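# Survey of secondary and tertiary structure
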Amino acid sequence: MPEYRWYHYLISLAILAVAWEGLAIWLDIAAFPRLGPALAAFAEGVAPGGPLVGHFLASVYRVAASTAISLAIGVPLGLFLGRSGNPVGSVLVYLTYPVPKVVFLPVIMVVLGIGDESKIFLITLVIFFQILVTVKDAAANVSRGLIRSVQSLGGGEWEIYRHVILPAALPAIFTALRLSTGTAVAVLFFAETYATRHGLGSFVWDAWSMHDYEMMFAGVMAMALMGFGFYVVLDIAERFLCPWAEKRR
């Protein structure tokens, strides 16, 4: 994980700003506003009493809850399947992972209602498999020599999981979390456009339907900011929990 300096962010933001302005000028359509009006709409939305703050917090809660649930279930199951090599469990994963989970949203909403529960369940259902597959493969590829070393010292299965499998799989777990963050934000937008009045997806959809494109892109900026925030949290957590991986790099 590279060390980013403040000027790296400034350069990246400058590139994005120039690309945005160039594309807006080239397209010259109302549906893609210039950067200035979009930033003004974003500032209006996040000002005290602005409409974006409540939607932002609702979306953050849904993504955070979904990620936590997926992590709590997917990591132990992935470690077990990777360590045990259970063929039935692996085949079940291979059969169910490719199924597009978003098609079940109508059924999920009938069972769980239109509140947070249905959104969180759908996001969890999608990113759980991303975490599970990545962790399973990482656990399966742990060096057998390391496992035999622990066994030679009298270590049992718990010691193998604790001192070998989990530490070896931790970098892959963080990689899976980064991938699942982007997926979670995408699924969040889809889930929040159905029968809900709270969340950034609903905010963006409503602004689009009213042809308020500046405010629509303000919502898009808020979604990008949310995803960036999760990435920063994951980077900090990885530095703290995987110092050996940082030294290897």
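Structural notes, computed from the coordinates.

Turning our attention to the overall build of the protein. The number of helices and strands found in the protein is 11 helices and zero strands. The N-to-C order of helical and strand elements in the protein reads α-α-α-α-α-α-α-α-α-α-α. Seen through its C-alpha atoms, the protein measures out along the principal axes to roughly 70 × 50 × 35 Å. Here the protein, with 249 residues, has 42% of them falling under the buried criterion. Partitioning the intrachain contacts of the protein with sequence separation of at least 6 by distance along the chain shows that 74% fall at a separation of at least 24. Here the protein displays about 13800 Å² of accessible surface, and carbon together with sulfur accounts for 72% of that area.

A word on the packing of helix H4 (residues 87–96) against helix H6 (residues 116–140). It is the contact of H4 with H6, at a shortest axis distance of 11 Å, that shows an interaxial angle of 140°. Overall, the two elements H4 and H6 adopt an arrangement that is oblique. You can see that H4 and H6 cross each other, and the crossing is left-handed. For the pair H4 and H6, contact is made by Ser90, Val93, Tyr94 and Thr96 and by Phe129, Leu132, Val133 and Lys136, respectively. Broken down by class, the residue content of the contact of H4 with H6 amounts to five nonpolar, two polar and one charged.

Before going further, it helps to examine the packing of aromatic side chains. With the rule as written, the count across this model stands at seven aromatic pairs. Relative to Phe217, the ring of Phe32 has its centre 5.2 Å away and its plane inclined at 75°; by these criteria the two rings are edge-to-face. Separated by 185 residues along the polypeptide, Phe32 in the loop between helix H1 (6–27) and helix H2 (35–46) and Phe217 in helix H10 (residues 213–241) bring together distant segments of the chain. For the residue pair Phe32 and Phe217, the accessibility class agrees, reading buried in each case. Aromatic pair Phe128 and Phe129: ring centres 5.1 Å apart, planes at 75°, arrangement edge-to-face. The buried category is assigned to Phe128, whose relative accessible area is 14%. Residue classification places Phe129 among the buried positions, given a relative accessible area of 10%. Taken together, Trp20, Phe32 and Phe217 form an aromatic cluster joined through their ring pairs. For Lys101, the ring lying beneath its charged end belongs to Phe129, and the centroid distance is 4.5 Å.

Within the element layout of this structure, Thr124 appears in helix H6. Excluding residues that lie within four positions of it along the chain, Thr124 makes contacts with Ser66, Ile69 and Ser70.

In this section: unusual backbone geometry. Positive phi is not limited to glycine here, since Asp28 has a value of about 55°. Take Asp28: it is sitting in the loop between H1 and H2.

It is worth spelling out a nonpolar patch on the surface at this point. Together, Val99, Val103, Phe104, Val107, Val110, Val111, Leu112 and Phe121 make up an exposed nonpolar region whose accessible area comes to about 730 Å². Per-element tally for the nonpolar patch: the top contributor is helix H5 (residues 105–112), with four residues. Inspection of the secondary structure puts Phe121 in helix H6. By relative accessible area, Phe121 is classed as partly exposed at 42%.

Moving on to helix H8 (residues 157–192). The end-to-end C-alpha distance of H8, which contains 36 residues, comes to just 43 Å, noticeably less than the 52 Å that a straight helix rising 1.5 Å per residue would cover. The largest bend in H8 is about 45°, located at Leu170, with the proline Pro171 one to four residues further on.

For the rest of this paragraph, the subject is the side chain of Glu238. Along the chain, Glu238 falls in helix H10. For Glu238, a relative accessible area of 2% gives the class buried. Separated by 2.3 Å, the side chains of Glu238 and Arg178 make a polar contact.

Cut-offs and rules
Residues numbered from 1 in each chain as written. Predicted model: local features only at pLDDT ≥ 70, side-chain atom pairs only at ≥ 80, totals over all residues. Heavy atoms only, no water. Helix = DSSP H or I, 4+ residues; strand = E, 2+ residues; numbered from the N terminus. Buried < 20%, exposed > 50% of the residue type's maximum accessible area, 1.4 Å probe, protein only. Contact = heavy atoms within 4.5 Å. Areas by Shrake-Rupley, 256 points an atom, 1.4 Å probe, with all protein chains shown as cover. Axes fitted to C-alpha atoms, helices over the stretch in contact; angles between N-to-C directions. Parallel < 35°, antiparallel > 145°, perpendicular 65-115°, else oblique. Left-handed = near helix turned anticlockwise from the far one by under 90°. Nonpolar A, V, L, I, M, F, W, Y, C, P; charged D, E, K, R; others polar. Phe/Tyr/Trp six-rings, centres within 6.5 Å; stacked < 30°, edge-to-face > 60°. Lys NZ or Arg CZ within 6 Å of the ring centre and 35° of its normal. Patch = residues over 30% accessible without salt bridge, like charges linked within 9 Å, V, L, I, M, F, W, Y side chains within 5 Å. Salt bridge = Lys/Arg side-chain N within 4 Å of Asp/Glu carboxyl O. Expected span 1.5 Å × (residues − 1). Bend = angle between axes of the 7 residues up to and from the residue. Polar contact = N/O pair within 3.5 Å; in protein donor to acceptor, adjacent residues only side chain to side chain.

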